[in-house]
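Observations on the three-dimensional arrangement
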Amino acid sequence: MNMAQKRVLAIHDISCIGRCSLTVALPIISAAGVECAVLPTAVLSTHTGGFTGFTYRDLTDDLKPIVDHWKTLGLKFDYIYTGFLGSFEQIDIVIDIIDALRGRDTKVVVDPVMADNGELYGVFPPDFPKGMRKLCRKADLILPNITEASLLAGTEYSAGRHSVEFVEDALERLGSVCPGEVVLTGVNFDRGTIRSAASGSGRGSVYVAADSDADSYLGAAARDAKKKISYAFHPLIPGFYHGTGDVFGSALVASFANGKTLQRATEIAVDYTSGSIERTREAGTDVRFGVNFEAGLRKFSEDVR
Ligand code: PXL
């Protein structure tokens, strides 16, 4: 393990209830032995998925003064990890913040949180994807889901069973959205497609968490700086589990900060996220309240070192 402790700056909202954004980024990144500083973009009583009547305190006006203070402290950030932004205006502000805080070795990871299940989140205006494209251009790594990929790169949206061609075309097009690396989440392959991805182009590797003879698999496709593609999957667990993108992104950033390759970081993040979903499915809790990532933190903290 590297003895110099890494520092991540996580720029997301605080949803007080619902286990997403900063309430998962902080514990997951900390459990990896990595310092997690935060810049909250908004404070909500709950996240916006499936709840009505939530409070929403937009912190747009606070971002710059917070960063101006930090500038007097000579801080260095190894990673800047952005997620849910509180307003359209914040896109340009976060771009300026990245420019102000980025050092020579700082890596910028942008999760373009704005859409899921084929739809832009209702709290964002229709031109939000255009702004998000600008932010992605600043990134060393972006983490879109399939819906966000379609909004960023103009690919068609498909809920699933995806083909290898569909996914690799999306990764290629996302290469023009972000000059760095890409991890596409929400990829859904059947058994045969997994086999052809493993043997087909010969460019990538395919990892499947948990032995299974399932027919359907969910996971992520990563394209590294050398354009090498790798896949990580787990047997599909039906249903929509809230906050899993943030659990995945936080685990990936934490793994990355601990020196893992993009491929290995993606595998660790898929293992950890799928375990969290599996525990939640077994417990039968209301999926709006997020997944039980807490019970997997001890194992994650070992896997990630
Ligand atoms: O998990 C993404 C997310 C983060 N923050 C807020 C959200 C969502 C998704 O709906 O509403 C406030």
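Residues numbered from 1 in each chain as written. Predicted model: local features only at pLDDT ≥ 70, side-chain atom pairs only at ≥ 80, totals over all residues. Heavy atoms only, no water.

**Some points on the overall build of the chain**
From N to C terminus, the chain includes ten helices and twelve strands. Here the C-alpha radius of gyration of the chain, 18 Å, is about what a compact globule of 305 residues would show, namely 19 Å. A principal-axis box enclosing the C-alpha atoms of the chain has dimensions of 55 × 45 × 40 Å. Out of the 305 residues belonging to the chain, those deemed buried represent 51%. Excluding contacts between residues fewer than 6 apart, the proportion of contacts in the chain whose partners are at least 24 apart in sequence is 74%. When the accessible surface of the chain is split by element, carbon and sulfur atoms take 51% of a total near 13,400 Å². (Helix = DSSP H or I, 4+ residues; strand = E, 2+ residues; numbered from the N terminus. Rg over C-alpha atoms; globule rule 2.2 N^0.38 Å. Buried < 20%, exposed > 50% of the residue type's maximum accessible area, 1.4 Å probe, protein only. Contact = heavy atoms within 4.5 Å. Areas by Shrake-Rupley, 256 points an atom, 1.4 Å probe, with all protein chains shown as cover.)

**Observations regarding the site of the ligand**
The immediate surroundings of the ligand are formed by Asp13, Ser15, Cys20, Ser21, Leu44, His47, Thr48, Phe84, Val113, Tyr121, His242 and Asp246. The separation between a nitrogen atom of the ligand and a polar side-chain atom of Asp13 is 2.8 Å. The side chain of Asp246 places a nitrogen or oxygen atom 2.7 Å from an oxygen atom of the ligand. When the free accessible area of the ligand is taken as 320 Å², the share hidden by the protein chains comes to 95%. Looking at side-chain class alone, the shell around the ligand contains five nonpolar, five polar and two charged residues. (Near = heavy atom within 4 Å. Polar contact = N/O pair within 3.5 Å; in protein donor to acceptor, adjacent residues only side chain to side chain. Nonpolar A, V, L, I, M, F, W, Y, C, P; charged D, E, K, R; others polar.)

**A look at the packing of aromatic side chains**
Tallying each qualifying case throughout the model produces ten aromatic pairs. Residues Phe124 and Phe128 carry aromatic rings whose centres are separated by 3.9 Å and whose planes lie at 10° to one another, so their mutual orientation is stacked. With respect to burial, Phe124 and Phe128 carry one shared label: buried. Ring geometry for Tyr231 against Phe233: centres 5.9 Å apart, planes inclined by 15°, an arrangement best described as stacked. Using a relative accessible area of 2% as the deciding quantity, one classes Tyr231 as buried. According to the relative accessible area criterion, Phe233 is buried, its value standing at 0%. Taken together, the ring pairs connect Phe84, Phe88, Phe124 and Phe128 into an aromatic cluster. The ring of Phe77 carries Arg7 above its face, with NZ or CZ at 5.8 Å from the centroid. (Phe/Tyr/Trp six-rings, centres within 6.5 Å; stacked < 30°, edge-to-face > 60°. Lys NZ or Arg CZ within 6 Å of the ring centre and 35° of its normal.)

**Overview of the packing of helix 1 (residues 22-31) against helix 8 (residues 244-257)**
Where helix 1 contacts helix 8, the axes come no closer than 9 Å and their chain directions differ by 30°. Judged on the interaxial angle alone, helix 8 and helix 1 are roughly parallel. For the crossing formed where helix 1 meets helix 8, the hand is right-handed. Within the contact between the two elements, helix 1 uses Val24, Ala25, Ile28 and Ile29 and helix 8 uses Asp246, Val247, Ser250, Ala251 and Ala254. Residue composition of the contact of helix 1 with helix 8, grouped by class: seven nonpolar, one polar and one charged. (Axes fitted to C-alpha atoms, helices over the stretch in contact; angles between N-to-C directions. Parallel < 35°, antiparallel > 145°, perpendicular 65-115°, else oblique. Left-handed = near helix turned anticlockwise from the far one by under 90°.)

**Remarks on the nonpolar core**
Generally speaking, a soluble globular protein has its nonpolar side chains buried in company with each other. Ranked by internal contacts, the top residues of the largest apolar core, which has 53 residues, are Leu135, Ile142, Val167, Leu174, Leu184, Phe189 and Tyr231. Apart from the residues within four sequence positions on either side, Leu174 is in contact with Ile142, Pro144, Ala149, Leu152, Ala153, Val182 and Leu184. By size, the runner-up hydrophobic cluster in this structure holds 42 residues, among which are Ile28, Ala31, Ala232 and Leu262. (Core = buried A, V, L, I, M, F, W, Y, C linked by side-chain atoms within 4.5 Å.)

**Looking at the sheet that holds strand 12 (residues 229-235)**
Spatially, ten strands are ordered 3-2-1-4-5-8-9-11-12-10 in an open sheet, and the strand pairing comes out mixed. Bordering the open sheet on either side are strand 3 (56-58) and strand 10 (205-208), each of which pairs with just one other strand. As paired strands, strand 8 (residues 141-142) and strand 9 (residues 181-190) are joined by two bridges and run parallel to one another. Bridging from a neighbouring strand, Ile142 pairs with Val182 of strand 9. (Pairing = 2+ DSSP bridges.)

**Considering unusual backbone geometry**
Of note, Arg19 is a non-glycine position whose phi angle comes to about 45°, a positive value. You can see Arg19 is positioned in the loop between strand 1 (7-17) and helix 1. Using a relative accessible area of 24% as the deciding quantity, one classes Arg19 as partly exposed. Phi at Asn117 is positive, roughly 50°, even though this residue is not glycine.

**Here we look at the state of the cysteines**
Overall, the coordinates contain zero disulfides when judged by the stated rule. With no disulfide of its own, Cys16 lies closest to Cys20 among cysteine sulfurs, the gap being 10 Å. What makes Cys16 partly exposed here is its relative accessible area of 47%. Looking at Cys178, it has no disulfide partner, and the nearest cysteine sulfur is the one in Cys136, 6.6 Å off. A residue is classified by how much of its surface remains accessible, and Cys178, at 0% relative accessible area, is buried. (Disulfide = S-S within 2.5 Å.)

**Considering the packing of helix 5 (residues 146-153) against helix 6 (residues 164-174)**
Between helix 5 and helix 6, the least distance of the axes is 10 Å, while the angle of their chain directions is 50°. As judged from the angle between their axes, helix 5 and helix 6 are oblique. Handedness of the helix 5/helix 6 crossing: left-handed. Within the contact between the two elements, helix 5 uses Ile146, Ala149, Leu152 and Ala153 and helix 6 uses Phe166, Arg173 and Leu174. Across the contact of helix 5 with helix 6, the residue classes break down as six nonpolar, no polar and one charged.

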